[in-house]
Amino acid sequence: TLPLDDAPTYSLLRNANTTAVFQLESRGMKDMLKQAKPDCFEDIIALVALYRPGPMDLIPDYIRRKHGLQKVEYPHPKLEPILRETYGIMVYQEQVMQIAQVIAGYSLGSADLLRRAMGKKKKEEMDAQRAIFTEGATKNGISVRQAKELFDLMEKFAGYGFNKSHAAAYALVAYHTAYLKTHCPAAFLAATMSADMNNTD
């Protein structure tokens, strides 16, 4: 029942005062929070998903686009509704599935098969999916060249795309922890010390 738009909690996150806050206490995470300055729950979800080997390379672009220092561009106009919340960057596996649905007419079931194939990187499976995607996209008025470019882009992102529902669950625990640290600091510190009582370091 905690409100997800609590200003003092976002202030704590923007200041990277996140020691003992779930998922957000490493030095790298703190640096990212200071630069990203999260101001909504969707930011926390994206940062949790991006802070891993692979997608980490996209963090500077995400931050610059969020703060209006870099133009938000979409690989195709039809993708704006899908990629708007992540500033034109593919972050989540679900986005890859939605793109296959919108661009190439996949059902969500077949889009999930595409996502799995991209994760496995089996050449025969990928070649078959590329053909299905290109055929579906051309039926939707997209050129073969554009379809191939989009597929390549999706394949690159799907290799390390994170599951949004998983990232959202992590982000919710992170936010709740930050909220408690903000509003109940004495109880939070006592609980943290109790939890770490046997850790002499």
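Data block above holds the structure.
Right, let's walk through the structure included here. All values reported here derive from a predicted model rather than from experimental measurement. (Residues numbered from 1 in each chain as written. Predicted model: local features only at pLDDT ≥ 70, side-chain atom pairs only at ≥ 80, totals over all residues. Heavy atoms only, no water.)

### Details of the overall build of the protein
Okay, so step 1: The secondary structure content of the protein amounts to 11 helices and zero strands.
Okay, so step 2: Starting at the N terminus and ending at the C terminus, the protein contains elements arranged as α-α-α-α-α-α-α-α-α-α-α.
Okay, so step 3: Taking all 201 residues of the protein together, 40% fall into the buried category.
Okay, so step 4: Taking contacts inside the protein between residues at least 6 apart in sequence as the whole, the part at least 24 apart equals 59%.
Okay, so step 5: Carbon and sulfur atoms provide 55% of the accessible area of the protein, an area that totals close to 10,700 Å².
Okay, so step 6: Side chains of the protein give 25 positive and 23 negative charges; the mean places of these two sets differ by 3 Å. (Helix = DSSP H or I, 4+ residues; strand = E, 2+ residues; numbered from the N terminus. Buried < 20%, exposed > 50% of the residue type's maximum accessible area, 1.4 Å probe, protein only. Contact = heavy atoms within 4.5 Å. Areas by Shrake-Rupley, 256 points an atom, 1.4 Å probe, with all protein chains shown as cover. Lys, Arg positive; Asp, Glu negative; His and termini not counted. Charge placed at Lys NZ, Arg CZ, Asp CG, Glu CD.)

### Here we look at the packing of helix H1 (residues 7-14) against helix H10 (residues 164-183)
Okay, so step 1: Between H1 and H10, whose axes approach to 9 Å, the crossing angle comes to 100°. With respect to their mutual orientation, H1 and H10 come out roughly perpendicular. Within the contact between the two elements, H1 uses Pro8, Thr9, Tyr10, Leu12 and Leu13 and H10 uses Tyr175, Ala178, Tyr179, Lys181, Thr182 and His183.
Okay, so step 2: Its residues assigned to classes, the contact of H1 with H10 shows seven nonpolar, three polar and one charged. (Axes fitted to C-alpha atoms, helices over the stretch in contact; angles between N-to-C directions. Parallel < 35°, antiparallel > 145°, perpendicular 65-115°, else oblique. Nonpolar A, V, L, I, M, F, W, Y, C, P; charged D, E, K, R; others polar.)

### Some remarks on the nonpolar core
Okay, so step 1: Core analysis: the largest hydrophobic core is formed by 58 residues, its most contacted members being Ile44, Ile99, Ile103, Met118, Phe133 and Met154.
Okay, so step 2: Of all the elements, helix H3 (residues 41-50) adds the most residues to this core, at eight residues.
Okay, so step 3: The contact partners of Ile103, leaving out residues within four places of it in the chain, are His76, Lys78, Leu79, Phe133, Gly136, Ala137, Asn140, Ile142 and Leu150. (Core = buried A, V, L, I, M, F, W, Y, C linked by side-chain atoms within 4.5 Å.)

### A short note on the environment of Arg14
Okay, so step 1: Take Arg14: it is sitting in helix H1.
Okay, so step 2: With a relative accessible area of 30%, Arg14 lands in the partly exposed category.
Okay, so step 3: Distance in space between the C-alpha atoms of Arg14 and Lys139 is 46 Å, their sequence separation being 125 residues.
Okay, so step 4: Beyond its immediate sequence surroundings of up to four residues, Arg14 is in contact with Leu33, Lys34, Lys37, Pro38 and Asp39.

So far we have only geometry, and geometry alone does not tell us how the molecule works.
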